[in-house]
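What the coordinates show
Take a look at the letters that make up each chain.
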Amino acid sequence: MTFLEILLLGVALSMDACAVAMTNGMTHSKMPFKRALLIALFFGFFQFLMPLIGFFVAGIVANAFLQAFEKISAWVSFALLAFLGGKMIFDCILSHKKAEEENGCSCQGPLTLSKLCMQAIATSIDALAVGVTLQMATLSAGGLALSALGATAVIGVVTFLLSTIAVYIGKAVGNKLADKANIFGGLVLIAIGVKLLIEGLL
């Protein structure tokens, strides 16, 4: 596996994280630069960590177990994202019944570290299987252009950079969507969860 292939793998793996990062920017109009970096750091770190874990597990655990875990990871990702998306929609509807703020959306819930951690895990747990691919690449004739640590670091850095950009794209869109942003954001999270579930079951 060449460096370019690893780079493209990082881009592909970062797409779900970018979509959720964009949703965060969309539903939290007051997004300081430090918070945007924190979001990207969470997504980047877990996209780095999960394939690395998968790489080492692949050398120890039977292939049949890993295939079974792929199915489980799809359900876990779906459950986490569906819960977060549903809660976002519910909180938005509930707050609209109480009061409307003069500026922006009254239904913005705080983006806590626990919520951010759940998002990062949900969008990266399927990357465990990528570690198996990296393990297999080391055994192939072409080998792996980088070490396992180097390859997963590239994936993490790519996710970090793209997620940072995605937050600000989401923020720009969210300012225009105003109070509809949270409902739309919740639907996006649920849609991503459904997509991950379908991909895991196919």
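Let us look at the structure shown here. Predicted model, so just to flag it, every value in this text is computed and none were measured.

1. Re the packing of aromatic side chains
By the definition in use, this model includes three aromatic pairs. With a centroid separation of 6.3 Å and 45° between ring planes, the pair formed by Phe-45 and Phe-48 is classed as tilted. Of this pair, Phe-45 and Phe-48 both sit in helix α2 (residues 33-58), three residues apart, which is roughly one turn of the helix. For the ring pair Phe-55 and Phe-56, a centre distance of 5.3 Å and an interplane angle of 90° mean the geometry is edge-to-face. Since its relative accessible area comes to 51%, Phe-56 is described here as exposed. Every member of this aromatic cluster is reached through a ring pair, and the members are Phe-45, Phe-46 and Phe-48.

2. Some words on the packing of helix α1 (residues 3-27) against helix α4 (residues 113-124)
Here α1 crosses α4 at 155°, and the two axes come no closer than 9 Å. Regarding the angle of α1 to α4, the classification is roughly antiparallel. The two elements α1 and α4 meet at a crossing, and its hand is right-handed. When α1 is examined against α4, the residues Asp-16, Ala-17, Val-20 and Asn-24 are found in contact with a partner set consisting of Leu-116, Gln-119 and Thr-123. When its residues are assigned to classes, the contact of α1 with α4 shows three nonpolar, three polar and one charged.

3. Re the environment of Asp-16
Structurally, Asp-16 can be placed in helix α1. Distance in space between the C-alpha atoms of Asp-16 and Leu-189 is 9.5 Å, their sequence separation being 173 residues. In contact with Asp-16, not counting residues within four places along its chain, are Thr-123, Ile-192, Lys-195 and Leu-196.

4. What to know about the packing of α1 against α2
Relative placement of two packed helices is described by the angle separating their axes and the distance separating the axes. One way to put it is that α1 packs onto α2 with a least axis distance of 10 Å and a crossing angle of 160°. Judged on the interaxial angle alone, α2 and α1 are roughly antiparallel. Viewed along their axes, α1 and α2 form a crossing whose handedness is right-handed. Contacts between α1 and α2 pair Leu-13, Ala-17, Val-20, Ala-21 and Asn-24 from the former with Ile-39, Phe-43 and Gln-47 from the latter.

Definitions and limits used
Once a new chain begins, its residue numbering starts again from 1 and follows that chain's sequence as written. Per-residue local features of the predicted model are confined to residues with pLDDT of at least 70, and side-chain atom pairs are confined, for both listing and counting, to 80 or more; whole-chain, interface and lining totals are unaffected and use all residues. Side-chain figures throughout are based on the complete set of non-hydrogen atoms in the structure, without hydrogens or water. When the centres of two rings from Phe, Tyr and Trp lie within 6.5 Å, Trp using its six-membered ring, the rings pair. Their planes under 30 degrees apart give stacked, over 60 give edge-to-face, and anything left gives tilted. The helix count covers DSSP runs of H or I at least four residues long, the strand count covers runs of E at least two residues long, and both are numbered beginning at the N terminus. Whether a residue is buried, partly exposed or exposed follows from its accessible area with a 1.4 Å probe, protein chains only, as a fraction of its type maximum: under 20%, in between, or over 50%, in that order. Interaxial angle, 0 to 180 degrees, is taken between N-to-C directions of lines fitted to C-alpha atoms, where a helix line uses only the stretch in contact. Every angle not falling under 35 degrees, over 145, or within 65 to 115 is termed oblique; those three ranges are roughly parallel, roughly antiparallel and roughly perpendicular. Take the far helix as the reference: if the near one is turned anticlockwise from it by less than a right angle, the crossing is left-handed, and if turned clockwise, right-handed. By the convention used here, residues are in contact when the closest approach between their heavy atoms is within 4.5 Å. When residues are grouped by polarity, Ala, Val, Leu, Ile, Met, Phe, Trp, Tyr, Cys and Pro land in nonpolar, Asp, Glu, Lys and Arg in charged, and all others, Gly among them, in polar.

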